[in-house]
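Descriptive structure summary
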Amino acid sequence: MTVELASADAQPINVHARLDAYCAANTFDQPTLVLDVDLVEQQYHALKEGLGYADIHYAVKANPAEEIIARLVKLGSHFDAASKAEVALCLKHGADPAHVSFGNTVKRSSDIAWAHAQGITLFSADAEQELEKIAISAPGAQVYIRLIVEISQADWPLSRKFGCDSATAIRLLSYAKSLGLDPIGFSFHVGSQTRKAAMWGPSLDALAEIWHAAKAAGHELTLLNIGGGFPAFYGETIEAPTDYASAVMEQIISRFGKVPRIMAEPGRGLVAEAGVIVSEVLLVSRKSDRDMHRWVYLDIGRFSGLAETEGEAIRYQFETPRDGDPVGPCIMAGPSCDSADVLYEKRPMLLPISLRAGDRVLIRNTGAYTSTYSSVCFNGFPPLAVVVI
Ligand SMILES: *Cc1c(COP(=O)(O)O)cnc(C)c1O
């Protein structure tokens, strides 16, 4: 499926035309993610338009390609970094340290100290010991407390790993102050790939209650970090980026009021649609004559970039040279010798019955959470190659 936009003269434009031309003109001897950095720029503008005065802090983990970071610095984007290496990457490309937040709630003390020395002034925490580390390694720094999101309607929820509840959060604000830190607000993440803006509502109701309780307890809050969750197109209809972002902002303002500073941290929503993975069918087989399904083995799998097929949560869009031929269900698997390396089995994919070994398969909208999830060399398969055009 191609994504089409209506242009001024109503001729449909294939936004992936540059990607398609590049893929068609080249051969690849390993799975390769091809990224069009101009599409990242377009998406940045589209999201920014909807987000209004909120700052975009790109979540670097979604795709740390140098060209993406460099382009976003040029556009004035801010960044959410989770590690020393991510902070360093942003600074290397000229990001202002004041525009880089160290947003992981689980940090190494020496990394906090290093980041502080580089001029990073904003850190996140969701526990006493994290605040203690920050107070020692980045004395006086600004901190925000991450709240747990109990109810998520996301396709890729971030579960209970991060954040704390209302009473803990309010206690942490006071504790941060007692440690000489500057606690300025809260953060949360509604869960990645939250397909509709309206799905934010129930989470925001609960979070706003905490916000107002903290203010009532005397805490001056000037920062709200609304995290990521902005969706990419994987086959199910999503709202246009500007509409989605402005609908989210409306819901925020109506519940939290006009917060002085709002941060948004899109990862997937900013970069996923800027990339396509070129892969190859290695084998099509049946286990027996009675086998209902074909098995389609690709040269890319769970360990070489498609980790988000875990639980079959993210269902990618596959394009083959045989599209248009009759289709049938198949189980899709990766190339490694690990039985967990199966992509789709519970809900088999429909692919052309004529598909065969050697065919090229394009996997659409794979610019986010693919290159970063690919293992170094599991079974000798190289990590996902990345080309930026
Ligand atoms: C991963 C992450 C994001 C990005 O989430 P998306 O759903 O990809 O937009 C934003 N904020 C934090 C703290 C994250 O860990």
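Please read all numbers here as calculations on a predicted model, not as lab measurements.

1. Quick notes on the side chain of Arg 315
- Along the chain, the position of Arg 315 falls in the loop between β13 (294-298) and β14 (317-319).
- Note on Arg 315: relative accessible area 16%, which makes it buried.
- Of note is the side chain of Arg 315, whose polar atom sits 2.9 Å from the backbone oxygen of Arg 347.
- If sequence neighbours within four positions are ignored, Arg 315 has contacts with Tyr 234, Tyr 344, Arg 347, Pro 348 and Met 349.

2. Quick notes on the packing of aromatic side chains
- Evaluated as defined, the whole model comprises 12 aromatic pairs.
- Summarising the aromatic geometry, the rings of Phe 102 and Phe 123 are spaced 6.0 Å apart at their centres and angled 35° between planes, so their arrangement reads as tilted. Of this pair, Phe 102 sits in strand β6 (residues 100-102) while Phe 123 sits in strand β7 (residues 122-125), and the two are 21 residues apart along the sequence.
- On the basis of an interplanar angle of 90° and a centroid distance of 5.6 Å, the ring pair of Tyr 234 and Tyr 316 is categorised as edge-to-face. Of this pair, Tyr 234 sits in the loop between β10 (223-225) and α9 (241-256) while Tyr 316 sits in the loop between β13 and β14; the two residues are 82 residues apart in sequence, bridging distant segments of the chain.
- Grouped by ring-pair contacts, the aromatic residues Phe 188, Trp 200, Phe 230 and Tyr 244 constitute a single cluster.
- A cation over a ring is seen here: Lys 258 above Tyr 53, with NZ or CZ 3.9 Å from the ring centre.
- Its guanidinium or amino end placed over the ring of Trp 295, Lys 287 lies 4.7 Å from that ring's centre, counting from NZ or CZ.

3. Observations concerning the site of the ligand
- Inspection of the region around the ligand gives 13 residues, with Lys 61, His 189, Ser 192, Glu 265 and Tyr 369 positioned closest.
- A distance of 2.9 Å is found between an oxygen atom of the ligand and a backbone nitrogen or oxygen belonging to Gly 267.
- Residue Arg 268 places a main-chain N or O atom 2.8 Å away from an oxygen atom belonging to the ligand.
- When isolated, the ligand has an accessible area of 390 Å², and the protein chains bury 91% of it.
- Per-class residue counts for the shell around the ligand are three nonpolar, five polar and five charged.

4. A closer look at the domain arrangement of the protein chain
- Each assigned domain of the protein chain is listed here: domain 1 (38-272) and domain 2 (274-388).
- Computed over C-alpha atoms only, the centres of domain 1 and domain 2 are separated by 32 Å.
- With 19 residues of domain 1 at the interface, the matching set in domain 2 holds 19 residues.
- Summed over both partners, the interface of domain 1 with domain 2 buries about 1700 Å², with 58% contributed by carbon and sulfur atoms.
- Sorting the residues of domain 1 by area buried against domain 2 places Trp 156, Tyr 234 and Ala 272 first, and these three jointly supply 39% of that buried surface.
- For the interface between domain 1 and domain 2, the tally reads one salt bridge.
- Here Glu 308 makes a salt bridge to Arg 268, at a shortest N to O gap of 2.8 Å.

5. Digging into the pattern of salt bridges
- Scanning the entire structure with this criterion turns up 17 salt bridges.
- Across the pair Arg 71 and Glu 41 runs a salt bridge, and its minimum N-O distance is 2.8 Å. Within this pair, whereas Arg 71 is found in helix α3 (residues 66-75), its partner Glu 41 is found in helix α2 (residues 37-51), the two being separated by 30 residues in sequence.
- Residue Arg 315 pairs with Glu 312 through a salt bridge whose shortest N-O separation is 3.8 Å.

6. Quick notes on the packing of helix α8 (residues 201-216) against α9
- Running from amino to carboxyl end, α8 crosses α9 at an angle of 35°, the nearest separation of the two axes being 9 Å. As α8 runs across α9, the sense of the crossing is right-handed. Across from Gly 201, Leu 204, Asp 205, Leu 207, Ala 208, Trp 211 and His 212 in α8, the residues of α9 making contact are Gln 251, Ile 252, Arg 255 and Phe 256.
- Across the contact of α8 with α9, the residue classes tally to six nonpolar, three polar and two charged.

7. What about the sheet that holds strand β5 (residues 78-81)?
- Reading around the circumference, β4-β5-β6-β7-β8-β9-β10-β11 is the order of the eight strands in this closed barrel, with parallel pairing throughout. Here the average twist between neighbouring strands, direction ignored, is 30°.
- The pairing of β10 with strand β11 (residues 261-264) spans three bridges and is parallel. Note on β11: the bridge partner recorded for Asn 225 is Met 263.
- Those strands touched by helix α6 (residues 128-137) are β7 and β8 (142-146), and its axis lies near 155° from that of β7.

Definitions and cut-offs
- Residues numbered from 1 in each chain as written.
- Predicted model: local features only at pLDDT ≥ 70, side-chain atom pairs only at ≥ 80, totals over all residues.
- Heavy atoms only, no water.
- Helix = DSSP H or I, 4+ residues; strand = E, 2+ residues; numbered from the N terminus.
- Buried < 20%, exposed > 50% of the residue type's maximum accessible area, 1.4 Å probe, protein only.
- Polar contact = N/O pair within 3.5 Å; in protein donor to acceptor, adjacent residues only side chain to side chain.
- Contact = heavy atoms within 4.5 Å.
- Phe/Tyr/Trp six-rings, centres within 6.5 Å; stacked < 30°, edge-to-face > 60°.
- Lys NZ or Arg CZ within 6 Å of the ring centre and 35° of its normal.
- Near = heavy atom within 4 Å.
- Areas by Shrake-Rupley, 256 points an atom, 1.4 Å probe, with all protein chains shown as cover.
- Nonpolar A, V, L, I, M, F, W, Y, C, P; charged D, E, K, R; others polar.
- Domains from an automatic or database assignment.
- Buried area = accessible area lost by both parts, 1.4 Å probe.
- Salt bridge = Lys/Arg side-chain N within 4 Å of Asp/Glu carboxyl O.
- Axes fitted to C-alpha atoms, helices over the stretch in contact; angles between N-to-C directions.
- Left-handed = near helix turned anticlockwise from the far one by under 90°.
- Pairing = 2+ DSSP bridges.

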